Amino acid sequence: MLLLQLFILSTPKKAFFDFALLRRVFGYASPYKKKFYLSVVLAILLAIITPVRPMLIQFTVNEYITNEMARMLINITLIQMGLIMVETVMRFFFSFTTAELGQSVVKDMRVATYRKIMNLNLSQFDKTPIGTLTTRTINDIESINDIFSDGLVPIIADLLSILCVLVFMFWTDWQLTLIALIPFPIMIIGTYYFKESINRSFHKVRNAVAALNAFVQEHLTGMSVVQAFAAEGREFEKFKKINREHRNANIKAIFAYSVFFPLVEIVLALSIGLVVWWTSKEALNLHQSQQGTVISFILCLNLLFRPLRVIADKFNVLQMGIIASERVFKVLDNEDFTVPDPANAYAPAIVKGKIDFENVVFEYNPGNPVLKNVSFSVNPGETIAIVGHTGSGKTTIISLLNRLYHIKSGSIKLDDVNIEQYELDTLRRNIGVVLQDVFLFSGSVIDNITLRNPEIPKEKVIEAARLIEMHDFIIRLPGGYDYNVMERGATLSLGQRQLLSFIRAMLYNPSVLILDEATSSVDTESEQLIQHAIDTLIKGRTSIVIAHR
């Protein structure tokens, strides 16, 4: 009853009752059943052999040391040394197996989460800070590892060890065991308050980590704006405030540990003192030695308190893993912003490029439409221009054509087939987009042109660059096609980034070409190069040119 009460009080309500989440997390461990079953078997074996050493020591003291049987004392000592080695090896394999199992599950869940994020449409990214999704993919999934390495299986192992030690203690001397457990109500109360304090602190820590990630991600990306408007001081003060909240949450957790662990030592000391007092009294009354019993009970109490020191902490770690898994599963279960392929998706080998918008209505925010009953047609090989002021919905039109957002009503067709029926890869592979704000990844020029597609040889890249007369421009860069453009293309001008995007579009040879303000951020010389590139690219393709003027 004492063990069960400690278990219930120490277990957070979320972890104790929400078995559905735990079951789902352990579903990711199904490919690694052998490792899981091995860890469970090792946990049971370790629990069984835990009280064996105190039992052997008690037997040794009572039978061999008291009777001065040196030969048997050597033999039993060798047996104990062998037992220690076996237990050490088993604990190594138990720790390694549970950690390896956790890392394997984390790997699979991180892949699944990142695949899901890559298939979300842009509405999700418009409403969710990038740092939050980063936290879900990295920090929260890493917390799920703790369910295996420091959570459920280790908790089961600790509880089994405690049970086995208590069984041995009651079997040896039930009265002495009850005497030794008198201080345990103090332990139970301390464990409950420790659990509550750590639980609150962990929640604050997780929220603070998410806030830190979101703030740092956003401000590092927009550092040029911060510095251009001399806002470093104000933004630094905001960062210090968020960081201070993170520190305070951790300090509260540290304070709880600082109180709880000394309390455990005090209760252990009281229990040992009661054991010594009771056995001394019994020895005086019965006129017989109690040395073996005292030593074995002191060892048992240490074996009992060793897992109790950390079991409440492990329950909280388990709960934090469950909370983190709940957040991750919200991303995995998000169907509102996904871009699924329909059953029997349409994937033609060749797309002619006929485009039809029919009474398209779209709104970013409900009740505030950006496009109202927009209709137009583009024939294969035809070039049209969309001209309008900022915010009129020009870029929105091309985002809808690429299925980056879902329309509210109406239809968009490509070659007389609704784009919702297309296989997404086929649709986007046949639509080339040259944006005003070109995004380049950290890496070489050729990596950014091919998007690290190993199937595209360098010769084909050079051929595309020569076709639109940009090969000489790239050769002039330090390192040529191997020049590192750094993150977001920081080492290139806007015009140079734009030129690279034209090579990329040419290389993928799309049936439909969209130019979104392609010449708005370049100088006269670059504009002449781009104009030649445009003339080359639009030849024989359906083209949509977006411009302010």
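Residues numbered from 1 in each chain as written. Predicted model: local features only at pLDDT ≥ 70, side-chain atom pairs only at ≥ 80, totals over all residues. Heavy atoms only, no water.

Student: Give a detailed account of the overall build of the protein chain, specifying residues and quantitative values.
Tutor: The number of helices and strands found in the protein chain is 20 helices and eight strands. Here the protein chain, with 549 residues, has 47% of them falling under the buried criterion. Within the protein chain, residue pairs in contact and separated by at least 24 positions form 81% of the contacts whose partners lie at least 6 positions apart. Accessible surface for the protein chain amounts to roughly 28,200 Å². Of this, 60% is attributable to carbon and sulfur atoms. (Helix = DSSP H or I, 4+ residues; strand = E, 2+ residues; numbered from the N terminus. Buried < 20%, exposed > 50% of the residue type's maximum accessible area, 1.4 Å probe, protein only. Contact = heavy atoms within 4.5 Å. Areas by Shrake-Rupley, 256 points an atom, 1.4 Å probe, with all protein chains shown as cover.)

Student: So what's going on with the sheet that holds strand S6 (residues 431–434)? Which residues, and what values?
Tutor: Sheet architecture is open: four strands sit in the order S3-S8-S7-S6, paired in parallel fashion. The open sheet has two edge strands, strand S3 (383–387) and S6, and neither has a second partner. Neighbouring strand axes in the sheet, compared pairwise and without regard to direction, differ in orientation by 15 degrees on average. Sheet analysis places S6 next to strand S7 (residues 512–516), joined by four bridges and oriented parallel. Paired with Val433 across the strands is Ile514, a residue of S7. (Pairing = 2+ DSSP bridges. Axes fitted to C-alpha atoms, helices over the stretch in contact; angles between N-to-C directions.)

Student: Tell me about the packing of aromatic side chains, residues and numbers included.
Tutor: One pass over the structure, following the stated rule, counts 15 aromatic pairs. Considering the side-chain rings of Phe36 and Tyr37, the 5.9 Å spacing of their centres and the 55 degrees angle between planes classify their relative orientation as tilted. With centroids separated by 4.8 Å and ring planes inclined at 85 degrees, the aromatic side chains of Phe362 and Tyr364 adopt a geometry described as edge-to-face. Of the residues examined, Tyr364 reaches a relative accessible area of 33% and is grouped as partly exposed. (Phe/Tyr/Trp six-rings, centres within 6.5 Å; stacked < 30°, edge-to-face > 60°.)

Student: Which residues make up the pattern of salt bridges, and what are the values?
Tutor: A full pass over the atoms with the stated rule returns nine salt bridges. Of the charged contacts in the structure, one is a salt bridge between Arg53 and Glu87, with a shortest N-O distance of 3.3 Å. Taken together, the residues Arg53 in helix H5 (residues 52–65) and Glu87 in helix H6 (residues 70–118) connect sequence positions 34 residues apart. Judged by relative accessible area, Arg53 falls into the partly exposed class, the value being 23%. A residue is classified by how much of its surface remains accessible, and Glu87, at 6% relative accessible area, is buried. (Salt bridge = Lys/Arg side-chain N within 4 Å of Asp/Glu carboxyl O.)

Student: How would you sum up the environment of Ser30? Please name residues and give values.
Tutor: Inspection of the secondary structure assignment puts Ser30 in the loop between helix H3 (19–27) and helix H4 (33–49). C-alpha of Ser30 to C-alpha of Val105: the two residues are 75 residues apart in sequence and 9.2 Å apart in space. Within the structure, the side chain of Ser30 is placed 2.7 Å from the backbone oxygen of Gly27, a separation counted as a polar contact. (Polar contact = N/O pair within 3.5 Å; in protein donor to acceptor, adjacent residues only side chain to side chain.)

Student: Now, about the pairing of strand S1 (residues 355–365): what can you tell me, with residues and values included?
Tutor: In the sheet, S1 pairs with strand S2 (residues 368–378) via seven bridges, with the strands oriented antiparallel. Residue pairing for S2: Phe362 is matched across the bridge by Leu371. Taking the residues between adjacent antiparallel strands as the criterion, S1 and S2 are bridged by two residues, where Gly367 takes a positive phi near 85 degrees. With five bridges connecting them, S1 and strand S4 (residues 409–414) associate as antiparallel partners. Following the sheet pairing, Ile355 is matched in S4 by Leu414.

Student: So what's going on with the environment of Leu515? Which residues, and what values?
Tutor: Structurally, Leu515 is set in strand S7. Judged by relative accessible area, Leu515 falls into the buried class, the value being 2%. Residues Leu515 and Phe502, 13 residues apart in the sequence, show an inter-C-alpha distance of 9.5 Å.

Student: Which residues make up the nonpolar core, and what values go with them?
Tutor: Residues Ile147, Phe148, Leu301, Leu304 and Phe305 are the most contacted members of the largest nonpolar core, which totals 57 residues. Residue assignment for this core shows that the elements contributing at least two residues are H3, H6, helix H8 (130–172), helix H9 (174–180), helix H10 (184–221), helix H12 (232–286) and helix H13 (291–332). Other than its neighbours up to four places away in sequence, Ile147 contacts Leu22, Val25, Phe26, Leu152, Val153, Leu318, Gly321 and Ile322. Grouped together as the second largest cluster of nonpolar side chains are 30 residues, Val445, Ile456, Ile468 and Ile474 included. (Core = buried A, V, L, I, M, F, W, Y, C linked by side-chain atoms within 4.5 Å.)

Student: Lay out the sheet that holds S2 with the relevant residues and their values.
Tutor: Spatially, S2-S1-S4-S5 is the arrangement adopted by the four strands of the open sheet, whose pairing is antiparallel. Because the sheet does not close on itself, it has two edges, and the strands there are S2 and strand S5 (417–418). Across the sheet, helix H14 (residues 394–401) is in contact with S1, S2 and S4; its angle to S1 comes to roughly 110 degrees.

Student: A description of a nonpolar patch on the surface should follow, citing residues and the corresponding values.
Tutor: On the surface, Val41, Ile44, Leu45 and Ile48 cluster together into a nonpolar patch covering about 320 Å² of accessible area. Positionally, Ile44 belongs in helix H4. On the basis of relative accessible area, Ile44 is assigned to the partly exposed category, the value being 39%. (Patch = residues over 30% accessible without salt bridge, like charges linked within 9 Å, V, L, I, M, F, W, Y side chains within 5 Å.)

Student: Describe the confidence of the model for the protein chain, naming the residues involved and giving the relevant values.
Tutor: Do not read the predicted coordinates in detail wherever pLDDT is low. On average, the protein chain scores 78 in pLDDT, and the residues at 70 or more come to 84%. Low pLDDT (under 50) marks residues 1–17, which in the prediction has 36 contacts with non-local residues, meaning those over four places away or in another chain. (pLDDT = per-residue confidence, 0-100.)

Student: I'd like to hear about the side chain of Asn430, residue by residue, with values.
Tutor: Note on placement: Asn430 falls in the loop between helix H15 (424–429) and S6. Here Asn430 falls in the buried class, since its relative accessible area comes to 11%. Contacts of Asn430, omitting those with residues within four sequence positions, involve Val351, Pro510, Ser511 and Val512.

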